[in-house]
Amino acid sequence: MSTISAISTAFGKGGIAVIRMSGEDSLKILGKVFVPAGKKNIEDYPPNTLIYGDIYKDGKIIDRGMAVYFKGPKSYTGEDSAELHCHGGILLSQMVLESTFMAGAVPAGAGEFTQRAFISGKMGLSQAEAVIDLIDAQSESKAVLAASQADGRLSKKVNEIYNGIMTIVSSIYAYIDYPDEDLTDISVNDMKNGLYDIKDELERLKKTYKTGRAVCEGINTVIAGKPNTGKSSLLNMLLGEERAIVTSIAGTTRDTVEETLSAGKVLLRLCDTAGIRDTEDEVEGIGVRKAIEKLEKAELVLAVFDSSNELDAEDREVIKQLEGLKDSKTVIVVLNKSDLESKVNADSFSGITKYIVSVSAKEECGKDELIELIERIYIDGEIEYSTACVVTNARQYASVNNAITHIGSAIDSLEAGFTQDIAGMELEMAMSHLGNLDGRKITEDVVSNIFGRFCIGK
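Now for a quick tour of the structure.

Definitions and limits used
- Residue numbering note: each chain is counted from 1, following its sequence as written.
- With the structure being a predicted model, the display of local features is reserved for residues of pLDDT at least 70 and the display and counting of side-chain atom pairs for 80 or more, all residues being used for whole-chain, interface and lining totals.
- No hydrogens and no water enter the side-chain calculation; it runs on all heavy atoms of the structure.
- A run of H or I in DSSP becomes a helix once it reaches four residues, and a run of E becomes a strand once it reaches two; helices and strands are each numbered from the N terminus.
- Note on exposure labels: buried denotes an accessible area under 20% of the residue type's maximum, exposed denotes more than 50%, and partly exposed covers the range between, all computed with a 1.4 Å probe on protein chains only.
- Stacked, tilted and edge-to-face are the three classes applied to pairs of Phe, Tyr and Trp rings, where Trp contributes its six-membered ring and a pair requires centres within 6.5 Å; stacked means planes under 30 degrees apart, edge-to-face means over 60, and tilted covers the rest.
- Two strands form a pair only when DSSP identifies at least two bridges running between them.
- The axes used here are C-alpha line fits, helices contributing only the stretch in contact, and every angle between their N-to-C directions lies in the interval 0 to 180 degrees.
- Contacts are assigned to residue pairs with any non-hydrogen atoms lying within 4.5 Å of each other.
- One speaks of a salt bridge when a side-chain nitrogen belonging to Lys or Arg is within 4 Å of a carboxyl oxygen belonging to Asp or Glu.

Quick word on the environment of Lys231
- With respect to the helices and strands, Lys231 occurs in helix H9 (residues 231–239).
- Residue classification places Lys231 among the buried residues on the basis of a relative accessible area of 5%.
- Along the backbone, Lys231 and Phe305 are 74 residues apart, and their C-alpha atoms lie at a distance of 8.6 Å.

Description of helix H8 (residues 209–217)
- With seven of its nine residues buried, H8 lies for the most part within the structure.
- Along H8, the positions that sit buried rather than exposed are Tyr209, Thr211, Gly212, Arg213, Ala214, Val215 and Cys216.
- One or two positions beyond H8, positive phi appears at Gly218, with a value near 95°.

Some thoughts on the packing of aromatic side chains
- According to the stated counting rule, one finds two aromatic pairs in the structure shown.
- Measuring from ring centre to ring centre gives 4.5 Å for Tyr209 and Tyr397, while their planes differ by 25°; the resulting arrangement is stacked. Taken as a pair, Tyr209 in helix H8 and Tyr397 in helix H13 (residues 394–415) lie far apart in primary sequence, 188 residues in all.
- Tyr209 gets classed as buried once you look at its relative accessible area, which sits at 10%.
- Here Tyr397 falls in the partly exposed class, since its relative accessible area comes to 26%.
- Consider the rings of Phe305 and Phe349, whose centres lie 4.8 Å apart with planes at 45°: the pair is tilted. Taken as a pair, Phe305 in strand E11 (residues 300–306) and Phe349 in the loop between strand E12 (330–336) and strand E13 (355–358) lie far apart in primary sequence, 44 residues in all.
- Taking the relative accessible area as the measure of exposure, Phe349 reaches 0% and is therefore buried.

A closer look at the sheet that holds strand E8 (residues 219–224)
- With respect to topology, six strands assemble into an open sheet ordered E9-E10-E8-E11-E12-E13, the strand pairing being mixed. Here the strands that pair on one side only, and so sit at the sheet edges, are strand E9 (257–263) and E13. On average, each strand axis in the sheet is inclined to that of its neighbour by 25°, with strand direction left out of account.
- Strand direction decides the pairing type here: E9 and strand E10 (residues 266–272), joined by seven bridges, are antiparallel. Residue pairing in the sheet places Glu259 in a bridge with Leu270 of E10.
- H9 rests against E8, E9, E10, E11 and E12 of the sheet, and its axis sits at about 150° to E10.
- In the packing of helix H11 (residues 313–323) onto the sheet, the strands contacted are E11 and E12, and the crossing angle to E11 comes to about 165°.

Looking at helix H3 (residues 112–119)
- Listing the buried residues of H3 in full gives Glu112, Phe113, Thr114, Arg116 and Ala117.
- At its buried positions, H3 is contacted by strand E1 (4–7), strand E2 (14–22), strand E7 (106–107) and helix H4 (125–136).

Notes on the side chain of Glu79
- Structurally, the position occupied by Glu79 is in the loop between strand E5 (60–70) and strand E6 (81–88).
- You can call Glu79 buried: its relative accessible area is 17%.
- Setting aside chain neighbours within four positions, we find Glu79 in contact with Met1, Ser22, Gly23, Phe70, Gly72 and Arg116.

Details of the pattern of salt bridges
- By the definition in use, this model includes 16 salt bridges.
- Measuring nitrogen to oxygen at the nearest pair gives 2.9 Å for the salt bridge that ties Lys157 to Glu201. Of the two residues, Lys157 is situated in helix H6 (residues 153–177) and Glu201 in helix H7 (residues 188–207); the sequence distance between them amounts to 44 residues.
- By relative accessible area, Glu201 is classed as partly exposed at 23%.
- One salt bridge connects Asp306 with Lys337, and the closest N-O pair in it is separated by 3.2 Å. Here Lys337 lies in the loop between E12 and E13 and Asp306 lies in strand E11, a separation of 31 residues in the sequence.
- Salt bridges sharing common partners tie together Glu79, Glu112 and Arg116.

Shown next, in the form of structure tokens:
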């Protein structure tokens, strides 16, 4: 495999820039572009040692910096790797990178260092995804959760469950292939009990996805209501800045305004929409249609009503829209203008939600209460981010959910009195889905486990 090279620090001016290489020729390439300040050659220094010296391009010194070499497999990628630390100029770092190409490296593809770490077995897919989550973290909660998953907590838990299923599958197939050898000590009842325990573990893991998704992927959220209830003011309050134009003129917001923000531990993918009402204005009408489209696709709706005025026909039309969507959405009624006397009865919203919070977007009051409510809805307070195994994305969730389905089918087949090989096929499918979570191959694992546990060749 070729030796790759790329700038690993962010584009722009900075104190230093880091050029990273990975591949079997890393040390050789490093020796062509870097000369230690001491009398020794780069090959004479032990790995993992930061060395001071000169960086060259075309035989000319272009900078003085640091270099370090990592001997595989004790590196991030599991391969021989190296880093050059130069001053953080845009042109300078590009020149150092080009020097590594001239010395034999090739440009790294997007995410290729982490991909090589996965290929070499340094990490599973869930850990690689956690690395991306850590880089993309927009909240402290996401950073802490991603760091714990990058440490392999989810991977280890899934591996533990996977091996538990493998033990049962190996026992089934050993008995089927060699019925006279008495190679299994698991009865059908013990097998069912073991599968019930595994299914319960997976169900607990599955439940963490609600929290993991809220923290890492974010909740698709729409601010909705009739015109001039304070929807844009609510957006600005949550963002802590004047993002949307606010006026006293009804219908100011004509298009959607989309932002991503951290509401406590929950990441909101937030969309402010045009006020929902019947209108003869062609442009406003387009905005209203887009608002309804966004409303139908949202998971969380912040339905804003002006509590200083009695509900009118336009408010009731919004409520009617939400009644048709309440089974597929979580609705929080936000009663705005709490700094004024309230003229709205909370019972008016009993048909769409049990979640009601009062705020004054203008005075920035009630923000904490709204965020705390959102956290209560989406965050499991018993999950400790720094130590828990948490499913954080849809791919992981699908793997766990599909595994649960097949384990349930295996239990059903045993309960119905079918032979164990039927259950074994379902369990292999469960293993396949769990294996997909971290990129494991199924059949090779099952075969090697059988031959490892039993003396087949006697």
